[in-house]
Amino acid sequence: HNRDGIHVSQITHCLRQAYFDAVQAEPYVPYPSEYLTVTEGTMIHEGMSDDGTDPNILTEQTMRHTYGDVEVVGTFDSYYPASKMLVDYKTTRWLMPNKLPYADHETQVQIYANMMAHDELPVQKAYVQYVDLSSVSKCRDCNRGLLPYSDDDLKCPGCGKLFSKERFHLGTVSYEVDLSGVPAMDNWITARATELKQSIDAGIEASPTPGPLCAYCKHVDRCDSAQR
């Protein structure tokens, strides 16, 4: 299971979930609606990615760095060497700006930044660029898409009502990632990757991270620590 190393996405949240994903005999078959979301997300990523010919941007680059004796693998979306800026794209629906970041997106980018520092690609700014597949926010009264108005608000072109940018958006929202703890993440990444690899190799369940996300985990019925 470890010929291609431990992936960044495997260590960002629940190690037991990652363990079950790695050792299950039957591949997980998504619902048709999940296929659709994945396909749309892939199209968005490809549309935003550079074709590789622009020297001012690095896109879809796979990195490898060994933590302890475990190789960790990750692929970042876009890096701008001149400004030392990293951007990761995420697609969602019914985006709520005041609820960001979602899931473990910030942790994932922080791990990328740590790996890139080891690879002499320093990251001074990093963002998760959220793209709402359900389009711009709409006025609840007029059902019309909102337009830019001020630093804090959007405006309905129909009734003129204002909507706070904390809850409404124009289709995309950029979330700035906190990079302050990134240089000190080596030990945490090493511990997580080592535990997961040893668990997979030994066939022993890794430690769980019980919480609200258990309800969305496909392994909830086989995990004795799941929050129900």
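The structure under discussion appears in the preceding block.
Within any chain, residue numbers begin from 1 and follow the written order of that chain's sequence. The predicted nature of this model means local features are confined to residues of pLDDT at least 70 and side-chain atom pairs, given and counted, to a pLDDT of 80 or more, with totals for whole chains, interfaces and linings taken over all residues. The basis for the side-chain values is all heavy atoms of the structure; hydrogens and waters are excluded.

Caption draft 1: The overall build of the chain, seen in detail. In terms of helices and strands, the chain carries five helices and nine strands. Only DSSP runs of H or I with at least four residues qualify as helices, and only runs of E with at least two residues qualify as strands; both kinds are numbered from the N terminus onward. The order of helices and strands in the chain, counted from the N terminus, is β-α-α-α-β-β-β-α-β-β-β-β-β-α. Here the contacts in the chain between residues at least 6 apart in sequence split such that 64% fall between residues at least 24 apart. Contacts are assigned to residue pairs with any non-hydrogen atoms lying within 4.5 Å of each other.

Caption draft 2: Expanded view of helix α4 (residues 105-118). In a helix, the anticipated span is given by 1.5 Å times the number of residues less one. Look at α4: 21 Å from first C-alpha to last across 14 residues, which is about the 20 Å you get at 1.5 Å a residue. Burial here depends on accessible area, computed with a 1.4 Å probe over protein chains only, as a share of the maximum for the residue type. Under 20% is buried, over 50% is exposed, and the range in between is partly exposed. Burial of α4 is extensive: 11 of the 14 residues sit out of reach of the surface.

Caption draft 3: Fine view of the packing of α4 against helix α5 (residues 186-202). The axes are straight lines fitted to the C-alpha atoms, using for helices just the contacting stretch, and the angles between their N-to-C directions are given from 0 to 180°. Running from N to C, α4 and α5 point in directions that differ by 110°, and their axes come no closer than 11 Å. In this view, α4 runs roughly perpendicular relative to α5, as classed from their interaxial angle. Seen from α4, the contacting residues are Thr 107, Ile 111, Asn 114 and His 118; seen from α5, they are Asp 186, Trp 188 and Ile 189. Grouping the constituent residues of the contact of α4 with α5 by class yields three nonpolar, three polar and one charged. An angle counts as roughly parallel when it lies under 35 degrees, as roughly antiparallel when it exceeds 145, as roughly perpendicular when it falls between 65 and 115, and as oblique in every other case. The nonpolar class holds Ala, Val, Leu, Ile, Met, Phe, Trp, Tyr, Cys and Pro. Asp, Glu, Lys and Arg form the charged class, and all remaining residues, Gly among them, are polar.

Caption draft 4: Spotlight on the sheet that holds strand β7 (residues 153-155). A strand pair is defined by DSSP finding two or more bridges across the two strands. The three strands lie next to each other as β6-β7-β8, forming an open sheet whose pairing is antiparallel. Edge positions in the open sheet fall to β6 (147-148) and β8 (162-164), since each of these has one partner strand only. Relative to β8, β7 runs antiparallel, the two being bridged by three bridges. Residue Lys 155 lies in a different strand from β8, and its bridge partner there is Leu 162.

Caption draft 5: Representation of the pattern of salt bridges in the model. One side-chain nitrogen of Lys or Arg within 4 Å of one carboxyl oxygen of Asp or Glu is enough to make a salt bridge. Summed over all chains, the structure comprises seven salt bridges. For Glu 205, the salt bridge identified is with Arg 16, shortest N-O distance 3.5 Å. In this pair, Glu 205 is assigned in the segment after α5 and Arg 16 in helix α2 (residues 15-23), connecting sequence segments 189 residues apart. Under the relative-accessibility criterion, Glu 205 is labelled partly exposed at 37%. Among the residues examined, Arg 16 registers a relative accessible area of 10% and is labelled buried. Asp 88 is the salt-bridge partner of Lys 90, the closest N and O atoms lying 3.5 Å from each other. For the pair formed by Lys 90 and Asp 88, the shared burial category is buried. Put simply, Arg 16, Glu 205 and Asp 224 are held in one network by salt bridges that share partners.

Caption draft 6: Region of the structure containing the nonpolar core. Residues Phe 76, Leu 86, Met 116, Val 123 and Leu 196 are the most contacted members of the largest nonpolar core, which totals 42 residues. Broken down by secondary-structure element, the contributors of at least two residues to this core are α1 (8-11), α2, β2 (58-67), β3 (70-80), α4, β5 (125-132) and α5. Ranked by residue count, the leading element in this core is α4, at six residues. Only buried Ala, Val, Leu, Ile, Met, Phe, Trp, Tyr and Cys residues count toward a nonpolar core, and they belong to the same one when joined by side-chain atoms within 4.5 Å. Within the second largest apolar cluster, six residues are counted, among which are Cys 139, Leu 146, Leu 154 and Phe 163.

Caption draft 7: Spatial organisation of a positive patch on the surface. Surface patches are drawn from residues lacking salt bridges whose relative accessible area is over 30%; two like charges belong together within 9 Å, two nonpolar side chains (Val, Leu, Ile, Met, Phe, Trp, Tyr) within 5 Å. Shrake-Rupley sampling with a 1.4 Å probe provides the accessible areas, and residues are treated as covered by the protein chains on show and by no other component. In summary, the charge assignment counts Lys and Arg as positive and Asp and Glu as negative, without counting His or the chain termini. The location of each charge is read from NZ of Lys, CZ of Arg, CG of Asp or CD of Glu. A cluster of basic residues, Lys 99, Arg 140, Lys 161 and Arg 167, forms a positive patch at the surface. Mapped onto the elements, Arg 167 comes out in the loop between β8 and β9 (172-176). On the basis of relative accessibility, which here comes to 39%, the residue Arg 167 falls in the partly exposed class.

Caption draft 8: Region of the structure containing the packing of aromatic side chains. Only the six-membered ring of Trp is used, alongside the rings of Phe and Tyr, when aromatic pairs are assigned; centres must lie within 6.5 Å, and planes under 30 degrees apart are stacked while those over 60 apart are edge-to-face, with the rest tilted. In the structure shown here, the tally under the stated rule is four aromatic pairs. Ring centres 5.0 Å apart and planes at 70° place the aromatic pair Phe 163 and Phe 168 in the edge-to-face group. Accessibility expressed as a relative area gives 12% for Phe 168, which makes it buried.

Caption draft 9: Representation of α5 within the structure. End to end, α5 covers 24 Å across 17 residues, agreeing with the expected 24 Å (1.5 Å per residue, within 8%). Looking at the packing, one finds that the buried side of α5 touches β1 (6-7), α1, α2, β2, β3 and α4. Phi turns positive, to about 70°, at Gly 203, one or two residues after α5.

Just distances and angles here, no functional claims.
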